[in-house]
Amino acid sequence: MPIKKKILFISSNDGSDMRINKELKTLSQEYEVTFIGVGLSNKESYARNYCKYFYLVSGKRNRPLTILKQLWLVTKLSFKRYDSIHVINEQLMIFFYPLMFGKHVVLDIFDSIFLMKNKSKNKWLLLKKIIYAPVDVILVTDNNRKTLMPDFTQNKIRVLENFPYHYTGPIRVNKSDVQLTLLYNGWLGKNRGTDLVIQLLNVDTSIKIIMAGWFADEPSKELVNHPQVDYRGIMTQEHALSIAATEADYILCVYASNNENNINASPNKIYDAIQTHTPVIANAEIKISAFVTENKIGVVINNYNSFNAKDLLAELRAKKNTFTFSDSLIDKYTWEKIESILINAHSK
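Below or above, wherever it landed, is the structure these notes cover. Remember, it's a predicted structure, so these values are computed and weren't measured experimentally.

1. Describing helix α7 (residues 194-203)
The complete set of buried residues in α7 reads T194, L196, V197, L200 and L201. End-on view of α7: buried residues confined to an arc of 160 degrees, all on one side of the axis.

2. Notes on the nonpolar core
Judged by nonpolar contacts, the single largest core of 80 residues is most densely connected at L200, I209, I270 and I274. By size, the runner-up hydrophobic cluster in this structure holds 30 residues, among which are L8, I67, I85 and V105.

3. Some details on the pairing of strand β1 (residues 5-10)
As judged from the six bridges shared by β1 and strand β2 (residues 31-38), these two strands associate in the parallel manner. Bridge pairing in β2 places K5 opposite Y31. Where the polypeptide runs from β1 across helix α1 (residues 18-28) and back to β2, its parallel neighbour, the crossover connection is right-handed. The pairing of β1 with strand β4 (residues 84-88) spans four bridges and is classified as parallel.

4. A closer look at unusual backbone geometry
Here K121, not a glycine, exhibits a phi torsion of approximately 55 degrees, which is positive. One can find K121 in the loop between α4 (113-116) and α5 (125-131). Its relative accessible area of 44% is what places K121 among the partly exposed residues. Located in the positive-phi region is N321, a residue other than glycine, with phi close to 65 degrees. In this structure N321 comes out as partly exposed when scored by relative accessible area, which is 37%.

Rules behind the numbers
- Residues numbered from 1 in each chain as written.
- Predicted model: local features only at pLDDT ≥ 70, side-chain atom pairs only at ≥ 80, totals over all residues.
- Heavy atoms only, no water.
- Buried < 20%, exposed > 50% of the residue type's maximum accessible area, 1.4 Å probe, protein only.
- Helix = DSSP H or I, 4+ residues; strand = E, 2+ residues; numbered from the N terminus.
- Arc of directions from axis to C-beta.
- Core = buried A, V, L, I, M, F, W, Y, C linked by side-chain atoms within 4.5 Å.
- Pairing = 2+ DSSP bridges.
- Right-handed = clockwise from strand over helix to strand, strands pointing away.

Below you can see the structure in the form of structure tokens.
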């Protein structure tokens, strides 16, 4: 049996992020993966099973002290021979920069620090040239995001979309016939749905909100105490797909338009919706809303910060159970169709 090549995978997450979890599962089929992330080491992690070695440092994500702990661990492990290094986002690339030269480096960008700072394309060009210098392959989440990268990186970029695995579980045709149920999952924050959910709850005492995922701020943490909110914790994408397919009338997929990263978001929820036949609620400021409108897979509100909650709820009820999802869409947008891109990114 041939010896597997070795990958060092560096993340600011504990592996439970849906994209990272898929990537670890795919890479483990071809490579021996060592994972270094952030989280509680005594906590059960469903990403652990995909890794030969699994290390977590304690601390808050993307904080200097936490990253220094990771840097110390990576420095110790760098004496081992790895065939490839996978780094999540430029933030970590900056800190681990000295260890990257002479290695095959794959930079996986889905929450770009430059887009958060509204510095797309060739803005801050010198800094970008320095940061991307050791990188052999850059992964981005869609073709639109590829155009937002600087010109000199274009020949390094490969598009690896946020598609889910093909869903084969049960789908309830007429979901929650009486009650209106919304699924709000992923990163839970004021700019990603919490503000909108609060407005809906303030005008309707009958809707139900199923929440699942990671809290980005205190208002989102407090939201779980609302009697109409059912918080399910952190879960696998397969579990989230099952909830969408059998319990939810809509999947919430909204972003405040306060930076280019949000405006150009590539949410997996859009493709989760297709797989589970569950329409999304999106806002017109994000570019992916054009895809929602074109394919008639959800409701698009005009503005994240300014909408009429009563009118939106009336529209959601009127359109409930009226959306259809074509077989061609369901077949096209699956992780199985694209995971070879990730495998090949680590091939020298």
